[in-house]
Amino acid sequence: MRYIDFRSDSVTQPTEEMRQAMYSAEVGYDVFRDDPTVNRLEKMMAERTGKEAGLFVPTGTMSNQLAVLTWTNRGEEMILSSDSHILEFEVGAAAVLSSVGYRVVHTEDSILRAKDIEAAVRPYPEDIHVPRTSLVCLENALGRGSVVPVPLMKEAYEAAKRHGLNVHTDGARIFNAAAALGVNIRELAEYTDSLSVHLSKGLCAPVGGVLVGPGAFIEKARRYRHMLGGGMSQSGILAAAGIVALEKMPDRLLEDHENARYLGRQLETLPGITVDQTRADINMVFFKWEHRSEVFLNALPARMLEKGIKISAGSDGNFRFVVHNDISHSDINYTIEILKSIMNQYHDFIL
């Protein structure tokens, strides 16, 4: 059975071209650096982002944690937003693997600005009572569905550099950000020292991404990747799909963005639904369903699943639907009709 899956863009299926590329991929042992397909992908991503070198990684979390491991020393501290992926959804890995602290900054829109970095840097690094600040972690696009404009990335980067700090950017959806801003990805990559790029979200590759940065940084990260079990045999099979993703998929991301806006407009035709337009820059729709009974909200994911639609359970009436390559305009129309049907069935509960 085919499902319409709004839970994340990580659920995307590889395209037929990706499957064929994987089938016919020329492979080797990446630990020995003789997998030609992996080597090609790493070089392509480095060139696309304007960085010296790239490193193929199986997951975005590993990519981010390799960056933290490589840029920092035990007992130091990194500055990051309070709802960044590295802080919220990577199981406290930086504290465990790198033994670094989190200097958490709370902002209304999740964007770290120059003033936030200036305020968060430890003012007296020679003081034995406090940890040294060594890294700033940015994110673009943000997990909240918005993007960071180039001038704000530039200002944040320059603030970090005034204090001699390295900058890493979680670019899980960096191609979405570039598409939404109408800029080349190089313009975003210019204002970060290292960048994690996912291929397995909106770009539809089944596995993996590339960490890019200076050559010496990547060489050190390669050692840490092996330490964490990321040195894979015949990984060109996976990298082949990543090459197709990089070559073919970025240009269609605006279609996802437009479909997300269409979904948002249709959702707002339903009673009690308000779409958060401040979080609608890319392929995500955040909305709140007001004045609905707990019975209705709790039953909604299971009832949708019965009709072939997968959604994440919301809390307090808050939901996130993510649009991607496997969700069409007609899928959205069908979803709205199913929502209306379920509302009618629960009419006595939701008045």
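A. Inspection of the overall build of the protein chain at higher detail. Helix and strand counts for the protein chain stand at 15 helices and twelve strands. Here the C-alpha atoms of the protein chain give a radius of gyration of 21 Å, agreeing with the 20 Å that 2.2 N^0.38 yields for 351 residues. With the principal axes as the frame, the protein chain shows a C-alpha extent of 65 × 55 × 35 Å. Expressed as a percentage of contacts within the protein chain between residues at least 6 apart in sequence, the contacts between residues at least 24 apart total 76%.

B. Structural view of the packing of aromatic side chains. The full count for this structure, using the stated rule, is six aromatic pairs. With centroids separated by 4.7 Å and ring planes inclined at 75°, the aromatic side chains of Tyr-29 and Phe-32 adopt a geometry described as edge-to-face. With centroids separated by 4.4 Å and ring planes inclined at 20°, the aromatic side chains of Trp-71 and Phe-217 adopt a geometry described as stacked. Placement of Trp-71 in helix H3 (residues 60-71) and of Phe-217 in helix H10 (residues 215-227) is noted, with a sequence separation of 146 residues between them. Residue classification places Phe-217 among the buried residues on the basis of a relative accessible area of 5%. When the ring centre of Phe-286 is taken as origin, the NZ or CZ atom of Arg-279, which lies over that ring, is 3.7 Å away. For Lys-310, the ring lying beneath its charged end belongs to Tyr-3, and the centroid distance is 4.4 Å.

C. Structural view of the side chain of His-324. Here His-324 lies in the loop between strand E12 (318-322) and helix H14 (329-345). Looking at His-324, the relative accessible area reads 1%, which means it is buried. Residue contacts for His-324: discarding those within four places in its chain leaves Asp-5, Ser-8, Asp-9, Val-11, Thr-12, Arg-252 and Asp-256.

D. Geometry of H3. Over its twelve residues, H3 runs 17 Å from end to end, which matches the ideal 16 Å to within 8%, given 1.5 Å per residue. With a side-chain oxygen positioned 3.0 Å from the backbone nitrogen of Met-62, the residue opening H3 is Thr-59.

E. Layout of the sheet that holds strand E10 (residues 284-289). An order of E9-E10-E12 is seen for the three strands of this open sheet, with the pairing classed as antiparallel. Bordering the open sheet on either side are strand E9 (273-275) and E12, each of which pairs with just one other strand. Averaged over all pairs of adjacent strands, the angle between their axes in this sheet comes to 30°, without regard to strand direction. Note: E10 against E12, five bridges, orientation antiparallel. Following the sheet pairing, Phe-287 is matched in E12 by Phe-319.

F. Just the packing of helix H1 (residues 16-23) against helix H11 (residues 236-248), in detail. For the pair H1 and H11, the least separation of the axes is 8 Å and the interaxial angle reads 145°. In this structure, H1 crosses over H11, and the sense of that crossing is right-handed. Within the contact between the two elements, H1 uses Glu-17, Met-18, Ala-21 and Met-22 and H11 uses Ile-237, Leu-238, Ala-240, Ala-241, Val-244, Ala-245 and Lys-248. In the contact of H1 with H11, the residues fall into nine nonpolar, no polar and two charged.

G. Just the pattern of salt bridges, in detail. Scanning the model with the defined rule gives 20 salt bridges in all. Between Asp-116 and Lys-115 there is a salt bridge whose closest N-O contact spans 3.4 Å. With a shortest N-O distance of 3.5 Å, Arg-265 and Glu-258 are connected by a salt bridge. Judged by relative accessible area, which is 37%, Glu-258 ranks as partly exposed. Several salt bridges converge on common partners, so that one network encompasses Arg-33, Glu-42, Glu-219 and Arg-222.

H. Seen up close, H11. The end-to-end C-alpha distance of H11, which contains 13 residues, comes to 18 Å, matching closely the 18 Å that a straight helix rising 1.5 Å per residue would cover. Each element contacted by the buried residues of H11 is listed here: H1, helix H2 (36-49), strand E2 (53-57) and helix H8 (174-181).

I. Summary view of the nonpolar core. Formed by 62 residues in total, the largest nonpolar core has its most connected members in Leu-41, Met-45, Ile-79, Val-136, Phe-175 and Leu-199. The contacts of Phe-175, once residues within four sequence positions are left out, are Met-45, Arg-48, Ile-185, Val-197, Leu-203, Leu-246, Pro-250 and Leu-253. If you look at the next biggest cluster of nonpolar residues, it comprises 28 residues, including Phe-6, Phe-287, Leu-297 and Ile-338.

J. Layout of a nonpolar patch on the surface. On the surface, Val-96, Leu-97, Met-227 and Leu-228 cluster together into a nonpolar patch covering about 380 Å² of accessible area. Tracing the backbone through its elements, the reader meets Val-96 in helix H5 (residues 93-98).

K. Here's a closer look at the pairing of E2. For E2, a buried count of five out of five residues is recorded, marking the element as mostly surrounded by other parts of the structure. Where burial is concerned, the two faces of E2 agree: the one with Ala-53, Leu-55 and Val-57 and the one with Gly-54 and Phe-56 are both buried. Bridge count between E2 and strand E8 (residues 209-213): five bridges; the pairing is antiparallel. In the strand pairing of E8, Phe-56 is matched with Val-210.

L. Unusual backbone geometry, seen in detail. Residues Asn-140 and Ala-141 are joined by a peptide bond in cis, for which omega reads 0°. Relative to the assigned elements, Ala-141 resides in the loop between strand E5 (133-139) and helix H7 (150-162). The phi dihedral of Val-91 falls on the positive side, at around 60°, and the residue is not glycine. For Val-91, a relative accessible area of 80% puts it in the exposed group.

What counts and how
- Residues numbered from 1 in each chain as written.
- Predicted model: local features only at pLDDT ≥ 70, side-chain atom pairs only at ≥ 80, totals over all residues.
- Heavy atoms only, no water.
- Helix = DSSP H or I, 4+ residues; strand = E, 2+ residues; numbered from the N terminus.
- Rg over C-alpha atoms; globule rule 2.2 N^0.38 Å.
- Contact = heavy atoms within 4.5 Å.
- Phe/Tyr/Trp six-rings, centres within 6.5 Å; stacked < 30°, edge-to-face > 60°.
- Buried < 20%, exposed > 50% of the residue type's maximum accessible area, 1.4 Å probe, protein only.
- Lys NZ or Arg CZ within 6 Å of the ring centre and 35° of its normal.
- Expected span 1.5 Å × (residues − 1).
- Polar contact = N/O pair within 3.5 Å; in protein donor to acceptor, adjacent residues only side chain to side chain.
- Pairing = 2+ DSSP bridges.
- Axes fitted to C-alpha atoms, helices over the stretch in contact; angles between N-to-C directions.
- Left-handed = near helix turned anticlockwise from the far one by under 90°.
- Nonpolar A, V, L, I, M, F, W, Y, C, P; charged D, E, K, R; others polar.
- Salt bridge = Lys/Arg side-chain N within 4 Å of Asp/Glu carboxyl O.
- Core = buried A, V, L, I, M, F, W, Y, C linked by side-chain atoms within 4.5 Å.
- Patch = residues over 30% accessible without salt bridge, like charges linked within 9 Å, V, L, I, M, F, W, Y side chains within 5 Å.
- Areas by Shrake-Rupley, 256 points an atom, 1.4 Å probe, with all protein chains shown as cover.

Geometric descriptors of this kind do not, in isolation, establish any biological role.
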